[in-house]
Amino acid sequence: MSDNSENKEKYGADSIQSLEGMEHVRMRPSMYIGDIGIRGLHHLVYEVIDNSIDEALAGHCDEIKVWINEDNSITVEDNGRGIPVDMHKKEGISALEVVMTKIGAGGKFDKDSYKVSGGLHGVGVSVVNALSKSLKAVVHRQGKVWQQEYKKGKADYPAKEVGTSEKTGTIVTFMPDDTIFEVGTYNYDTLASRLRELSYLNHGIKLELTDMRSVDDEGKHIHQLFYSDRGLEEFVEYIDETRERLIEKVIHMEGERDGIPVEVALVYNTSFNENIHSYVNNINTHEGGTHLSGFRRGLTNTLKKYAEASGMLDKLKFEIAGDDFREGLTAIVSVKVQEPQFEGQTKTKLGNREIVAPVSQAVSEMLTNYLEENPKDAHQIVQKVILAATARHAARKAREMVQRKTVMGGSGLPGKLADCSEKDPSLCELFLVEGDSAGGTAKQGRDRFFQAILPLRGKILNVEKAMQHKIFENEEIKNIYTGLGVTVGTEEDSKALNLDKLRYHKVVIMCDADVDGSHIETLILTFFFRHMKELIENGYIYIATPPLYLVKKGGKQHYAWDDDQRDRYIRDLRGAGSESSVNVQRYKGLGEMNAEQLWDTTMNPEMRTLRQVTIENAAECDHVFSMLMGDDVPPRRAFIEANAKYAKIDA
Ligand code: 0RA
């Protein structure tokens, strides 16, 4: 999230104003792409793909190919009309050069002739150009091939004709500038999950990804094709792949209301979670907004009307709340908005009021039809709603018990919590530690001024499968709520999280570096993802990385975090001359370290590595957590085999 601080100091506010667009992008990259870490690096690719998606949405392109090249540069090719290359009257350079070098030009530089249809997307490819060491654009158009190259956003030469062609399209290859980005290596899975998401959100477009950096067992490059015929219907099927359906089919509609393209798909499963993912112009609006309000309104009104008319609610002794209609619901809402206003902390909340009605109407109409035509499913849904209302009633009591304690203050803190003395949450850290014994070591090893310890006993509850009231009755989970100072539920929203009294801005999950530890880590992360997502979104959740080995000889010792590092230390220490077999200790658990070692390697801010937990792709997380924590074994085994870190060590 930080700009290049060196640059920040060099230029004052005055000189910034006089800088040209491209230089401003290079000086303040975070303003344009969010950050200069791994996220920003991948954002560059999305920015280029967005332009091709716009061309596809305009109906001129149906194939987009992406390569991660051997040198970690990226190539994006589409079969659209090709970016125009004729002279741009006002600028005196080719239209291609305008698109590539003028900030904010995008496709909108000349409203009438060169508007990219929809013009829905991001900051524009010129930003990618500005942040690239080199970029090359090749355009196939009107029987010819044109090309132009750039360095740090500046053209090497005017666009030139380099050949003839029978096809049309645009090919952009860029190498991110390593003086700007902290990292330079692309992650295949990150790009793959974005392309999968895009293929569902824009059905009918073929998206291909190839990794030129490596080959598989058969000598082939890793390659995937993402294509969806049925759009969000398939997206919901994918997310809920391992959940048990309550109704047979995904309910799906696509259409236009008041000129706004709206697509919605939903299904009910037998779980207790609400999973609604909303998108505006293919961007995940994880803070929701007016389209989500419209969706909820349509859903609640329609189901309520149906349930009341059915007579099934007659014997119910309490009111049904909005939440009750969403338990076990998986849904996606996607709208395309010409001039979206984004609000909220992370600018991912849609503000346009005019979007509420079209979405709500679309949902009402779709659901009304569905309920009429599928009375059996309708009955199932209403029964589920009644069950949810009943459970919520029971859960409220359990939750209020937890919260009453928190409100009472001091004595309300969990008995097992060893608190820190500092009270400013921005300075405080809470370690959630696997097991009482490691908890004890951590208590001795910590800096008690700002580090608090909460030991968790064994495996915490799998919240993916538990009902609400079970969650609030669970001892370890209660301790997490009261320890953190987080409360749940307001008048309007019984699940809203209140972080005003959050006591720590770093919550560090510290588990053993083995299979059980990973399992516990996943259980805790599942809890945070489902019940305290805002903590992750605010960047408060971290994972500690205890070392795997201690390599020792005589008075010299080194900690190692992986096998390569261990082997290097072994060689180093052997190399010291003598014959003696160097001593290697494998730390299976935190408990095998003494307090001093734990502080030195894992807790001391000067030495430790904390991994911050972020959500790159919420829908993909939803899919993975439900799969990992659900009942279906084969997909889980496959996932673990593909990602396992400790399997070999513990086998
Ligand atoms: C404006 C006008 C036209 C094409 C494009 C933009 C265009 C931009 C990109 C960016 C990536 N791929 C693209 N493909 C097309 C064409 C106008 C015309 O031919 O009449």
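Shown above is the structure to which this text applies.
Residues numbered from 1 in each chain as written. Predicted model: local features only at pLDDT ≥ 70, side-chain atom pairs only at ≥ 80, totals over all residues. Heavy atoms only, no water.

Participant: Describe the nonpolar core, listing the residues and the values that go with them.
Facilitator: In this structure, Leu 266, Phe 295 and Leu 299 are the most contacted members of the largest nonpolar core, which totals 52 residues. When residues no more than four places from it in sequence are discounted, the contact partners of Leu 266 are Val 236, Val 250, Ile 251, Phe 295, Leu 299, Leu 329, Thr 330, Ala 331 and Met 366. (Core = buried A, V, L, I, M, F, W, Y, C linked by side-chain atoms within 4.5 Å. Buried < 20%, exposed > 50% of the residue type's maximum accessible area, 1.4 Å probe, protein only. Contact = heavy atoms within 4.5 Å.)

Participant: Tell me about helix α8 (residues 188-201), and please be specific about residues and values.
Facilitator: With 14 residues, α8 extends 20 Å between its outermost C-alpha atoms, agreeing within 8% with the 20 Å of an ideal straight helix rising 1.5 Å per residue. For α8, a buried count of 13 out of 14 residues is recorded, marking the element as mostly surrounded by other parts of the structure. Two or three places before Asp 189, at the start of α8, stands the capping residue Asn 187, its side-chain oxygen 2.9 Å from that residue's backbone nitrogen. (Helix = DSSP H or I, 4+ residues; strand = E, 2+ residues; numbered from the N terminus. Expected span 1.5 Å × (residues − 1). Polar contact = N/O pair within 3.5 Å; in protein donor to acceptor, adjacent residues only side chain to side chain.)

Participant: Describe unusual backbone geometry, listing the residues and the values that go with them.
Facilitator: With phi around 70 degrees, Asn 282 is a residue other than glycine that occupies positive phi space. Its location among the elements puts Asn 282 in the loop between β14 (274-280) and β15 (283-284). Of note, the phi angle at Lys 347 is positive, near 55 degrees, even though the residue is not glycine. Looking at the element boundaries, Lys 347 is found in the loop between β17 (342-343) and β18 (349-350).

Participant: Mind laying out the pairing of strand β5 (residues 132-141), listing which residues take part and the relevant values?
Facilitator: When you tally the buried positions in β5, you get seven out of 10 residues, the bulk of the element. For β5 and strand β9 (residues 169-176), the ladder comprises eight bridges, and the chain directions are antiparallel. Across the sheet, residue Val 138 finds its bridge partner in β9, namely Ile 171. Note that β5 and strand β6 (residues 144-151) share seven bridges and pair antiparallel. (Pairing = 2+ DSSP bridges.)

Participant: Please set out the sheet that holds strand β28 (residues 610-612) residue by residue, giving values where relevant.
Facilitator: Here five strands make up an open sheet; going across it, the order is β20-β19-β23-β24-β28 and the pairing mixed. Each of the sheet's edge strands pairs with one partner strand only, and the pair in question is β20 (451-456) and β28. When the angles between neighbouring strand axes are averaged without regard to direction, this sheet yields 30 degrees. For strand β19 (residues 429-434) and β20, the ladder comprises six bridges, and the chain directions are parallel. Among the inter-strand pairings, Phe 431 is bridged to a residue of β20, identified as Ile 453. Against the sheet, helix α16 (residues 515-531) engages β19, β20, β23 (506-510), β24 (541-544) and β28, with an angle of about 150 degrees to β23. (Axes fitted to C-alpha atoms, helices over the stretch in contact; angles between N-to-C directions.)

Taken by themselves, the reported measurements are silent on function.
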